[in-house]
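Residues per chain are reported as follows:
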Amino acid sequence: MKYLTEFRNGEIAQRIAREIHQVATRPWKIMEVCGGQTHSIIRNGIDQMLPAGIEMIHGPGCPVCVTPLELIDKALAIAAQPRVVFCSFGDMLRVPGTEGDLFQVKGAGGDVRVVYSPLDAVELAAKNPEKQVVFFGVGFETTAPANAMSVHLARRRGLKNFSLLVSHVLVPPAISAIMESPGHPNGEDLPLGTPGNKVQAFLLAGHVCSVMGYWEYPPLAEKYRVPLVVTGFEPLDLLDGIRRAVVQLEAGRHEVENAYERVVTFEGNRAAQKLLAEVFEVTDRAWRGIGVIPKSGWRLSEAYREFDAEERFQISGIHTQESALCRAGDVLRGAIKPAECGAFGKECAPRHPLGATMVSSEGACAAYYNYGRFLSAEKLAKTVVSCQ
């Protein structure tokens, strides 16, 4: 298949890995921003192909995982109301709130539906004028254009019964927050950006840059003196991105490189950006496990505020409480790897998750669990044999 099998060639992967070994002379910490990249790295064992001193730090680039608990609880409250059709992509249905998840709301009689596009929710609103149809708009810049188009179409069609519960977050402010986060007084479990756990280069998410371009990133590379490499998701994409980052680090350079030219341009999708600027406006946004990052998200602009589900339903009295066992916040900050959480693979597993990082298809905990990273090499070998 064009643009797929070519980027999974094992011989070429080994060659790029050897090049990285030849170039690297000292330890480096590189963060892949996107959760999809994390899954590809773990699934393909890319981190195990690298020199011992090169550490891949898993970033907070899983939109499901960073959706704040308060908003999850508001979604549950809205979905449980009569005459509401609550629509979402499938990966949000099992994300745990303070008390339950959307699947449980559905089991209790709520009209919760999985859709494949926010435009499907717009059609549901048109066909069910007597009901309120809400779409849970979660994601980075990648999914935002479709959500913006849904509200744009709803307004154009005069659909007063459609609304959007918005949880959109932005990559550039997150990179700034990572690089500027303060150190922990006792020097343990340091957040990202501190001297003891400093990210020295970033692999940028190719699909985000396909929408937004990468014109926003040169100032970040210059300000924080870190290489930023636009990277795809296949094994060769990731290895090439890592190689480029290491070459820059070894040379003392800090530039933005595009290693995903078959998809990404410097300007990005200008038509999509124009729609986003019309429908959304920048706002401060809370990230689950991280806290509020200034100007790191979008909300509906004044012209589209009537379609804001939070404004329409005015849910109050939300009292959130995270699981005492779950360390998803530490995972999202890169302070620990998933298997370092005491509940990982025990109290917390995909069938009974404590946190969103174990639920989402882009969550780091799910990647480590699904690909056996909580097992020793000996146990993993026995598991593979028993499955054959």
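Residues numbered from 1 in each chain as written. Predicted model: local features only at pLDDT ≥ 70, side-chain atom pairs only at ≥ 80, totals over all residues. Heavy atoms only, no water.

Q: Explain the nonpolar core to me, please; I cannot follow it from the model alone.
A: Generally speaking, nonpolar side chains in soluble globular proteins are found buried as a group. One finds Ile 78, Phe 86, Phe 136, Leu 165, Phe 202, Tyr 217 and Leu 228 to be the most contacted residues of the largest nonpolar core, which totals 59 residues. Ala 13, Ile 30, Leu 203 and Ala 364 belong to the second-largest nonpolar core, a separate cluster that totals 34 residues. (Core = buried A, V, L, I, M, F, W, Y, C linked by side-chain atoms within 4.5 Å. Buried < 20%, exposed > 50% of the residue type's maximum accessible area, 1.4 Å probe, protein only.)

Q: What's the story with the state of the cysteines in this structure? I'm lost.
A: The bond known as a disulfide is covalent and runs between the sulfur atoms of two cysteines. Per the counting criterion, the structure on display carries one disulfide. No disulfide involves Cys 326; its sulfur sits 5.8 Å from the nearest other cysteine sulfur, which is in Cys 348. (Disulfide = S-S within 2.5 Å.)

Q: Looking at this model, I keep getting lost on the pairing of strand β8 (residues 228-231). Mind explaining?
A: Two faces belong to every sheet, and in a regular strand the side chains alternate between them. Both faces of β8 are covered, namely the face carrying Leu 228 and Val 230 and the face carrying Val 229 and Thr 231. Where β8 and strand β9 (residues 256-258) come together, three bridges link them in parallel fashion. Bridged to Val 229 within β9 is Glu 257. Tracing the backbone out of β8, into helix α11 (residues 235-251) and back to the parallel element β9 gives a crossover that is left-handed. (Helix = DSSP H or I, 4+ residues; strand = E, 2+ residues; numbered from the N terminus. Pairing = 2+ DSSP bridges. Right-handed = clockwise from strand over helix to strand, strands pointing away.)

Q: Quick question: what am I supposed to make of the packing of aromatic side chains here?
A: To describe a pair of aromatic rings, one takes the distance between the centres and the angle between the planes. Applying the stated criterion across every chain, the model contains seven aromatic pairs. Aromatic side chains Tyr 214 and Phe 266 sit 5.1 Å apart centroid to centroid with 90° between the ring planes, which places their arrangement in the edge-to-face category. Taken together, the residues span a long stretch of sequence, with Tyr 214 in the loop between α9 (206-212) and α10 (218-224) and Phe 266 in the loop between β9 and α12 (270-279) at a distance of 52 residues. Classification of Tyr 214 as buried rests on a relative accessible area of 15%. Positioned over the ring face of Tyr 304 is Arg 155, at 4.1 Å from the centre of the ring. Above the face of the Phe 7 ring, Arg 262 is positioned so that its terminal group lies 3.7 Å from the ring centre. (Phe/Tyr/Trp six-rings, centres within 6.5 Å; stacked < 30°, edge-to-face > 60°. Lys NZ or Arg CZ within 6 Å of the ring centre and 35° of its normal.)

Q: What exactly am I supposed to notice about the side chain of Gln 37 here?
A: Tracing the chain through its elements places Gln 37 in helix α2 (residues 35-43). When sequence neighbours within four positions are dropped, the list of residues in contact with Gln 37 reads Glu 32, Leu 203, Leu 204, Ala 205, Gly 206, Thr 231, Gly 232, Phe 233 and Leu 238. (Contact = heavy atoms within 4.5 Å.)

Q: What's the story with the pattern of salt bridges in this structure? I'm lost.
A: Note on pairing: side chains with opposite charge can pair once their charged atoms come close. For the structure on display, the rule yields 20 salt bridges. Note that Lys 74 is salt-bridged to Glu 310, the shortest N-O span being 2.7 Å. Placement of the pair is Lys 74 in helix α4 (residues 69-79) and Glu 310 in helix α13 (residues 309-313), with a sequence separation of 236 residues. We classify Lys 74 as buried; its relative accessible area is 14%. The salt bridge involving Arg 113 is made with Asp 111; its shortest N-O contact spans 2.9 Å. What makes Arg 113 partly exposed here is its relative accessible area of 29%. Since its relative accessible area comes to 21%, Asp 111 is described here as partly exposed. Taken together, the salt bridges that share partners define one network made up of Arg 15, Glu 19, Asp 240, Arg 243, Arg 244 and Glu 257. (Salt bridge = Lys/Arg side-chain N within 4 Å of Asp/Glu carboxyl O.)

Q: Honestly, the layout of surface pockets in this entry has me stumped. Any pointers?
A: Considering only enclosed or pocket space, the largest pocket measures out at about 320 Å³ in volume. Lining the largest pocket are 17 residues, with Leu 71, Val 166, Arg 285, Arg 299 and Glu 310 sitting closest to its centre. Contributing elements (two or more residues each) for the lining of the largest pocket: α4, β10 (280-287), β11 (291-300) and α13. Counting residues per element, the lining of the largest pocket draws most heavily on β10, which supplies four residues. Each residue belonging to the lining of the largest pocket can be placed in one class, and the counts come to six nonpolar, two polar and nine charged. Each pocket or cavity is described by its volume, and for the second largest pocket that value is around 250 Å³. When residues in the lining of the second largest pocket are grouped by element, the largest group, three residues, is from strand β5 (residues 132-139). (1 Å grid on protein atoms, 1.4 Å probe; cavity = no way out; pocket = protein on both sides within 12 Å on 5 of 7 lines; lining within 4 Å. Points joined across faces, edges and corners; volume = space filled by probe spheres on them. Nonpolar A, V, L, I, M, F, W, Y, C, P; charged D, E, K, R; others polar.)

Q: Hey, could you run me through the sheet that holds β5 in this one?
A: What holds strands together in a sheet is hydrogen bonding between their backbones, with the strands either parallel or antiparallel. What the six strands build is an open sheet, ordered β4-β3-β5-β6-β11-β10; its pairing is mixed. Lying at the two open borders of the sheet, with one neighbouring strand each, are β4 (111-114) and β10. Averaged over all pairs of adjacent strands, the angle between strand axes in this sheet comes to 25°, irrespective of strand direction. Summarising the sheet, strand β3 (residues 84-88) and β5 pair through four bridges and their orientation is parallel. Among the inter-strand pairings, Cys 87 is bridged to a residue of β5, identified as Phe 135. The strands that helix α6 (residues 118-127) touches are β3, β4, β5 and β6 (162-169); relative to β5, the one it contacts most, it runs at about 170°. Contacts from helix α7 (residues 144-156) reach β5, β6, β10 and β11 within the one sheet, and its direction differs from that of β6 by about 155°. (Axes fitted to C-alpha atoms, helices over the stretch in contact; angles between N-to-C directions.)

Q: Would you explain unusual backbone geometry in this entry?
A: With glycine set apart, most residues show a phi of negative sign, and most peptide bonds adopt trans. With a phi close to 60°, Arg 83 is a non-glycine residue in the positive phi region. Tracing the sequence through the fold places Arg 83 in the loop between α4 and β3. Of note in the backbone geometry, Arg 225 takes a positive phi value of approximately 55° without being a glycine. Looking at the element boundaries, Arg 225 is found in the loop between α10 and β8. Arg 225 sits in the exposed class, given a relative accessible area of 55%.

Q: Any chance you could explain the packing of helix α1 (residues 10-23) against α11 here in plain terms?
A: For any two helices packed against each other, the geometry is given by the interaxial angle and the distance between the axes. Where α1 contacts α11, the two axes come as close as 10 Å, and the packing angle between them is 15°. By the criterion of interaxial angle, the relationship of α1 to α11 is roughly parallel. Pair α1 / α11 crosses with left-handed handedness. Taken together, the residues of α11 that come into contact with α1 (itself represented by Ile 12, Ala 13, Ile 16, Glu 19, Ile 20 and Val 23) are Leu 236, Leu 239, Asp 240, Ile 242, Arg 243, Val 246, Val 247 and Glu 250. In the contact of α1 with α11, the residues fall into 10 nonpolar, no polar and four charged. (Parallel < 35°, antiparallel > 145°, perpendicular 65-115°, else oblique. Left-handed = near helix turned anticlockwise from the far one by under 90°.)

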